[in-house]
Each structure stands twice: as C-alpha cells, then as structure tokens.
Amino acid sequence: MTDQTSNQMWGGRFAAGPDAIMEAINASIGFDKRMAAQDIQGSRAHAAMLAASGVITDSDAEAIREGLLTILSEIEAGNFQFSTALEDIHMNVEARLKEIIGEPAGRLHTGRSRNDQVATDFKLWVRDQLDAAETGLLALIAALLDQAEAGADWVMPGFTHLQTAQPVTWGHHMMAYVEMFGRDLSRVRDARTRMNECPLGAAALAGTSFPIDRSMTAEALGFERPAANSLDAVSDRDFALEFLSVASICAVHLSRFAEELVIWSSAQFRFVTLSDRFSTGSSIMPQKKNPDAAELIRAKVGRIFGANTALMMVMKGLPLAYSKDMQEDKEQVFDAADNLMLALAAMEGMVKDMSANRESLAAAAGSGFSTATDLADWLVRVLKVPFRDAHHVTGTLVGMAEARGCDLPDLSLDDMQGVHSGITEDIFTVLGVENSVNSRTSYGGTAPEQVRAQVTRWKALLAQ
C-alpha cells in the first residue's frame, strides 16, 4: 500500500499518515497546558520532598526549583514553546527543564508517575475553581441581600404556574434565591473538603519503593492528607464529577433566575429595568432593549449539563487503575468552569445594577385575585368555616368578580353576604395586598419583618 493510498484511507486531514493521526489523538497539550501553574506547583513540592527524604541532593532540588520558576515565568509571559510531539504539559515542562538545568532534571520524576502527577495537577486546578465559585457565589448572595433589604416591604405578585397566586414582597423573592445560591455555596464547600486528598506519590498505581514522605507533599500543596489507596488515587475523578454536578445544580438556579429576569424586564411585565451594561439593542428595532446577558446565562446550562454527562460516560466503564480514556476528563471540565464563573459574574452584575419598578410590582400584586387565599383564611379564622367550605365560598366570589370585570376588594359587602351571610365589613381589612403580606409572619414568610430577619441572619453568616 502506497503512502498516498494510506493517507486517503486515514483521511485527508492528516498529510503525514497514521503517525500524525496517533499524535493528534494522543496529545493533550492543546488543553492541559491550562494546568501549567498547578503542574509546576506539584513538581516543586515533589522535588523539595525528595531532597528532604534523601532521595536527591539539595543542590539538584535547588536547580530543579530555579528551573521550574524560570519555566513558569516563560509560560506567564507567553514565551514558552509548547510541543504537540511531547504530548502533554508534564512532558513539555520536563523537556524544557532539561534544556535549562541539564542532568538534575531527570531526577525530578523519581518516585512518581504521570498518573499521580496528572491526578494531582487536575485536583489542584479543580480546587482552584471551587474557590473561585465560592467567591462568585458570595458576591452574588451579597448583591441579592442588598436588593432584599431595599425592597423588604415592596409588594409584588407571587406566582405558581406563572399565574398570580398570593402577594409577596420583592425582598422575599430575592431571599428565595439567596437560599438557593446558599445551598450551592454549601455544596461547593463540601466538595472542596471531600476532594482535598493528595494523589502525589501514588506513582503509576502501586506506590513506590523510594522512601518518600507523602504527608510532606500533601501539606505543601494545601491538601488535608495523602490519598490512602494508590490505585484509587490515580483513577479517582470523583472530584471532577462532583464539581460538574455542583456546577450543574448552580447553573439550574442561575437559569431559573435568568428566566425570571427575561420575563420581568419585558414590556408586558415591567417589573425590573436591567442596566445598559447587561443589555443590547436591536439592529432594526430602535425601541428594543434585550436582556441578552440573562438569555446567555440561561443557555449556558446546556454546556455545563453536557460536560457533566460527558465525563460520566467517560468514567462509567473504566477498570482500575488509569486508562487513556481519562485524558478526556479535562476539556469539558475546563469549559464548564469557564462558563459557570462567567455566568456567576454576569448574574452578580445584573443583580447589582437592576432597578425594581416598585409601582409596576404593586399594581400587579393586587391583580388576578391575589388575596383570595386571605379571604378564605379569614372565613376559617373568624367565622370558623371549614377550609373546604371557605374555599368554595371564595371561589364563588372570585367568579362573581371575574364576571363583573373587577377584583375582590371591589365587591360590595352585600355582594359578599349574598354568598355567605356571616361576612362582615372586617373582610376588607384582609383584602389589601399590604395587609396580606404583613400578615404572613410565620417563620420564612413574606412579611417584611420576616424578610429583614432573614437578611440579618444571612449577613451574620457571611460575616463569619
């Protein structure tokens, strides 16, 4: 078979034939170079430990340390030449280290393998992303608390099925997202605690015969302890899966909020005005102000979900310990992390900048028979009517108001007494939306006093 025929069989994309195909499918440097800082951090800790354990000399360790710092500065300055032929970030760094310091570079890899090296690098990278997610969530929660505190007593409609249900307060609605993102924050922190074990020193899969000190490297890299089983240490990607799961749940919350912002900023609702910083115009319709940032946040959920599913599929059938399939663990994690951090920052910006239109919120709060439940509750509480009967009476009154094109407070006392003779003038004290929200004083309710109490609680939690 001629080279030309072979190339045609392998595909015109690869002019050099099968060798080029193998290099292309095998190399990861195109994406794992993002872990350069973590790779150098891990190598510095490993070299220091080897010297302290007497495995390499202090002079070799110092040469390695200085050489690694030189490489890091080259990478940060954009002067480092990455090579696909060297496959990955680990071999690229090691090859450059040999060019800089010569023979001592060959001693760096003593007592470790690329298997535990990549697991350590990746853990360090994911841990950094969890820290970034925590920072982003804290900032978003703080912005929501500011909104909640400012609008603790601003009435607005609460919805179920996107239909007017009962009046709530703007502050109460904002605090709902504080709770949701607060759970995301706890998941981020839990995931970080659980993944904080160091794989370095597990070597290829069985540990090493060199007298290394894995606790020293774990401590130097900020891990709580060394991973306890060398097979598990090199094959574990739970930390990446958990990061993607946490990111997916957080993305759901971001998307739900984004959806509400899209609806609320529409001309039909006018509940909020988004700032120009997070809106765009139309190329042909000059009146348009589009909530593009919110729409893009809503869309990014698909990418994050896709990353989660992709890595689940990569890992689901792998025997212990390391398989090359696991090289496919990084690109989707990198992409998900990028999009999560961007979405968190954009949402924080929108929340900080947006203005709630108090008059529009209040007007909508009183529409759609939103105080019907208050009427039913009054019948139960004051007249001792069984709730199911009260529900029926209220439904009849709602039907009457709907037929007349008015709201419940617009019905006369005679109208109401025609449905239930026990109704008194006192009923009108519960039909106003302000009275409705002020009455919801149960823990976690929408009453302004409850909203302010929750804001105070959360501010104290964040201060800790």
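Bear in mind that the values here come from a model prediction, so they are computed numbers and not experimental data. Position numbers for residues start from 1 in each chain and track the written sequence from start to end. This being a predicted model, a pLDDT of at least 70 is required before a residue's local features are given, and a value of 80 or more before pairs of side-chain atoms are given or counted; all residues contribute to the totals for chains, interfaces and linings. Where side-chain values are given, they derive from all heavy atoms of the structure, hydrogens and water being excluded.

### Things to note about the nonpolar core
Logical step 1: Side-chain atoms within 4.5 Å link the members of a nonpolar core, which is a set of buried Ala, Val, Leu, Ile, Met, Phe, Trp, Tyr and Cys residues. When a residue's accessible area, from a 1.4 Å probe over protein chains only, is under 20% of the maximum for its type it is buried; when over 50% it is exposed; and in between it is partly exposed. The biggest cluster of nonpolar side chains holds 79 residues, and the ones touching the most others in it are Trp170, Leu254, Phe257, Trp264 and Met347.
Logical step 2: A run of DSSP states H or I qualifies as a helix once it reaches four residues; a run of E qualifies as a strand once it reaches two. Both are numbered from the N-terminal end. Of all the elements in the fold, those that place two or more residues in this core are helix H7 (114-150), helix H8 (170-195), helix H11 (238-264), helix H12 (292-315), helix H13 (331-353), helix H14 (358-365) and helix H19 (448-463).
Logical step 3: If you tally residues by element for this core, the top one is H11, at 16 residues.
Logical step 4: Should any heavy atoms of two residues lie within 4.5 Å, those residues are counted as being in contact. In contact with tryptophan 264, other than residues within four places in its own chain, are Met156, Trp170, His173, Met174, Phe257, Phe269, Arg270, Phe271 and Val272.
Logical step 5: Within the second largest apolar cluster, 22 residues are counted, among which are Ile56, Ala61, Leu68 and Ile212.

### What about the confidence of the model for the chain?
Logical step 1: Confidence of the predictor at the level of single residues is given by pLDDT, which spans 0 to 100. Averaged over the chain, the pLDDT score is 91; the fraction of residues at 70 or greater is 94%.
Logical step 2: Note on residues 1-10: pLDDT is under 50 here. Beyond four places in sequence and across chains, it has ten contacts.

### What to know about unusual backbone geometry
Logical step 1: Across the junction of leucine 320 and alanine 321, the peptide omega takes the value 5°, indicating a cis bond.
Logical step 2: Tracing the backbone shows alanine 321 in the loop between H12 and H13.
Logical step 3: Backbone geometry places arginine 270, a non-glycine residue, at a positive phi of 55°.
Logical step 4: Mapped onto the fold, arginine 270 is located in the loop between H11 and strand S5 (272-273).
Logical step 5: On the basis of relative accessibility, which here comes to 52%, the residue arginine 270 falls in the exposed class.

### Section: the side chain of aspartate 39
Logical step 1: Here aspartate 39 lies in helix H4 (residues 36-52).
Logical step 2: Only four residue types enter the tally: Lys and Arg on the positive side, Asp and Glu on the negative side, with His and both chain ends excluded. Basic side-chain nitrogens of Lys or Arg form a salt bridge, by our definition, when they fall within 4 Å of a carboxyl oxygen of Asp or Glu. Lacking a salt bridge, the buried aspartate 39 has arginine 112 as its closest oppositely charged neighbour, with an N-O distance of 5.9 Å.
Logical step 3: Excluding its chain neighbours within four sequence positions, the residues that come into contact with aspartate 39 are Ile89, His90, Val93, Gln117 and Asp121.

### Let's talk about the UniProt feature "domain: Argininosuccinate lyase C-terminal" (unreviewed entry) in the chain
Logical step 1: UniProt positions are given in the numbering used here, feature names are shortened, and annotations may be inferred rather than shown by experiment. This chain's UniProt record puts "domain: Argininosuccinate lyase C-terminal" (unreviewed entry) on residues 369-438.
Logical step 2: Secondary structure content for residues 369-438 is 61% helix and 0% strand, while the C-alpha to C-alpha distance between its ends is 17 Å.

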